[in-house]
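Structural overview for review
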Amino acid sequence: MKIAIPKEIKNHEYRVALTPTGARELVARGHRVTVQAGAGEGAGFPDADYRAAGAELEAEVARLWAEAELILKVKEPQPEEVERLSAGQTLFTYLHLAAEEALTRGLMQSGATCIAYETITDRQGGLPLLAPMSTVAGRMAIQAGAHSLEKAQGGAGILLPGVPGVAPARVAVIGGGVVGENAARMALGLGAEVTVLDKSIPRLETLDDRYQGRMKTVFSTADAIDEVVRESDLIVGAVLIPGAAAPKLITRAMLADMRPGSVLVDVAIDQGGCFETSRPTTHAEPTYVVDEVVHYCVANMPGAVARTSTQALTNATLPFVIALADKGWQRALADDPHFLPGLNVHQGRVTYAAVAEAFGLESIDPASVVG
Ligand SMILES: NC(=O)C1=CN([C@@H]2O[C@H](COP(=O)(O)OP(=O)(O)OC[C@H]3O[C@@H](n4cnc5c(N)ncnc54)[C@H](O)[C@@H]3O)[C@@H](O)[C@H]2O)C=CC1
Ligand SMILES: CC(=O)C(=O)O
Ligand SMILES: [Mg+2]
């Protein structure tokens, strides 16, 4: 199969969808891998490494897209990329469609088959292609939050661990899944006082057991959120309802209850964000202030640590890429009930119910298109 790896064009996105190691695996199976010249540079993978792995390099981006059967990317296609997509092609990348109606409609119009990393499932009920980047983003959320608490960034001037004689900061994490656990773990490691809120009792049990009560676990209700809003220096938004737009858990009115200089890090921003005042930001300008509360809402946090993230992403995606390349998308999805929910859009139809619901569109069962 002809597989193309474009250079990512989103603001400060340095990841690439495939490492040279991944390219070598595909080439060894008889596939033709074409990488856009310079695509791996931001992640520390020069063109020569891809060439050595048996991939071809292409400098002309229009030709790269036009000749591909399967396109592998990291971030959702930007408008000029949507225009390059055509019927008969398969796109495999993060899509987060429930947060972006124009993108959803653009992909429908392209006629292409669009498979999202973030809605593929596993036997344990997890999201195996989201998990590696959630791990990265969760860990980064505390670095970003700690930096934002500095006075020069608009923060309250609070050091997360405190010092002897001065209390540590209070950190609340709303959503105790992969992002949430990793954020909480980093905050604990830095010596902050940590509370995790989740709606899932089994998840709270796991966290309580794993961290032996070192973090406070709280069932997530409106009352519980009111309380952490009043008490926290840093709040991380890490909720997810798979494939759907994130629920707004902190409203603008509630910001009045936060101390000036408190910080909100909305990791769930890629699904629309879980705070009413969140809007997507970029690594170039990651924060803004509303009602004296600093907001950090970068939608591609792992892009900043592109080397680590690219390796972790390829480790997770490669088995699925191999299945797509070896079998074609229809057989690959039909053979694997956990791969099938990855299908979001096919030939103009939405095949993921939560995405269709977000925009009042009709969805069709993905099983009906794989035969
Ligand atoms: N901004 C970025 O660069 C990145 C963003 N993300 C995003 O972070 C979000 C979280 O991802 P994961 O941790 O992997 O998901 P996950 O599925 O592992 O965890 C989500 C948790 O939220 C909980 N939850 C749902 N509704 C809740 C509520 N009302 N209150 C409290 N908890 C609630 C669920 O029970 C679950 O434990 C997703 O939107 C994901 O796309 C992930 C990676 C990078
Ligand atoms: C999950 C995602 O959107 C990212 O890693 O950028
Ligand atoms: Mg986006």
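Residues numbered from 1 in each chain as written. Chains lettered and ligands numbered in written order. Predicted model: local features only at pLDDT ≥ 70, side-chain atom pairs only at ≥ 80, totals over all residues. Heavy atoms only, no water.

To continue, consider the site of ligand 1. The environment of ligand 1 is made up of 29 residues, and the closest members are Ser134, Val179, Asp198, Asp270 and Met301. One nitrogen or oxygen atom from the side chain of Ser134 is found 2.7 Å from an oxygen atom belonging to ligand 1. Leu240 is positioned such that a nitrogen or oxygen atom in its backbone is 3.3 Å from an oxygen atom of ligand 1. Calculation on ligand 1 without its partners gives an accessible area of 870 Å², and the protein chains cover 89% of this total. The set of elements that each furnish at least two residues to the shell around ligand 1 consists of helix 6 (131–148), helix 7 (178–189) and strand 8 (193–198). (Near = heavy atom within 4 Å. Polar contact = N/O pair within 3.5 Å; in protein donor to acceptor, adjacent residues only side chain to side chain. Areas by Shrake-Rupley, 256 points an atom, 1.4 Å probe, with all protein chains shown as cover. Helix = DSSP H or I, 4+ residues; strand = E, 2+ residues; numbered from the N terminus.)

Counted under the stated rule, the structure contains 17 salt bridges. Of the charged contacts in the structure, one is a salt bridge between Glu56 and Arg32, with a shortest N-O distance of 3.2 Å. With Glu56 in strand 3 (residues 56–58) and Arg32 in strand 2 (residues 32–36), this residue pair connects regions lying 24 residues apart in the sequence. Looking at Arg32, the relative accessible area reads 35%, which means it is partly exposed. (Salt bridge = Lys/Arg side-chain N within 4 Å of Asp/Glu carboxyl O. Buried < 20%, exposed > 50% of the residue type's maximum accessible area, 1.4 Å probe, protein only.)

As a further point, take the packing of helix 1 (residues 20–28) against helix 11 (residues 306–327). Between helix 1 and helix 11, the least distance of the axes is 11 Å, while the angle of their chain directions is 20°. With respect to helix 11, the axis of helix 1 lies roughly parallel. In this structure, the crossing between helix 1 and helix 11 has a hand that is right-handed. Residues Gly22, Glu25 and Leu26 of helix 1 form the contact with helix 11, whose own contacting residues are Thr314, Leu318, Val321, Ile322 and Ala325. (Axes fitted to C-alpha atoms, helices over the stretch in contact; angles between N-to-C directions. Parallel < 35°, antiparallel > 145°, perpendicular 65-115°, else oblique. Left-handed = near helix turned anticlockwise from the far one by under 90°. Contact = heavy atoms within 4.5 Å.)

Before going further, it helps to spend a moment on the confidence of the model for the protein. Of all residues in the protein, 100% attain a pLDDT of 70 or more, and the chain-wide mean is 97. Both scores are available for the predicted complex, with the pTM at 0.95 and the ipTM at 0.97. (pLDDT = per-residue confidence, 0-100.)

In an α-helix, one full turn covers 3.6 residues, which means residues spaced three or four apart are oriented alike. In this model, helix 7 (12 residues) spans 17 Å end to end at C-alpha, consistent with the 16 Å of a helix rising 1.5 Å per residue. Along helix 7, the positions that sit buried rather than exposed are Val179, Gly180, Glu181, Asn182, Ala183, Ala184, Ala187 and Leu188. In this fold, the buried residues of helix 7 make contact with helix 6, strand 7 (170–174), strand 8, helix 8 (201–210) and strand 10 (234–237). Looking one or two places after helix 7, you find Gly191, whose phi comes out positive at around 90°. (Expected span 1.5 Å × (residues − 1).)

Glancing now at a nonpolar patch on the surface. Together, Leu159, Val163 and Val166 make up a nonpolar patch on the protein surface, roughly 270 Å² of accessible area in all. Along the chain, the position of Leu159 falls in the loop between helix 6 and strand 7. Overall, Leu159 belongs to the exposed group, its relative accessible area being 54%. (Patch = residues over 30% accessible without salt bridge, like charges linked within 9 Å, V, L, I, M, F, W, Y side chains within 5 Å.)

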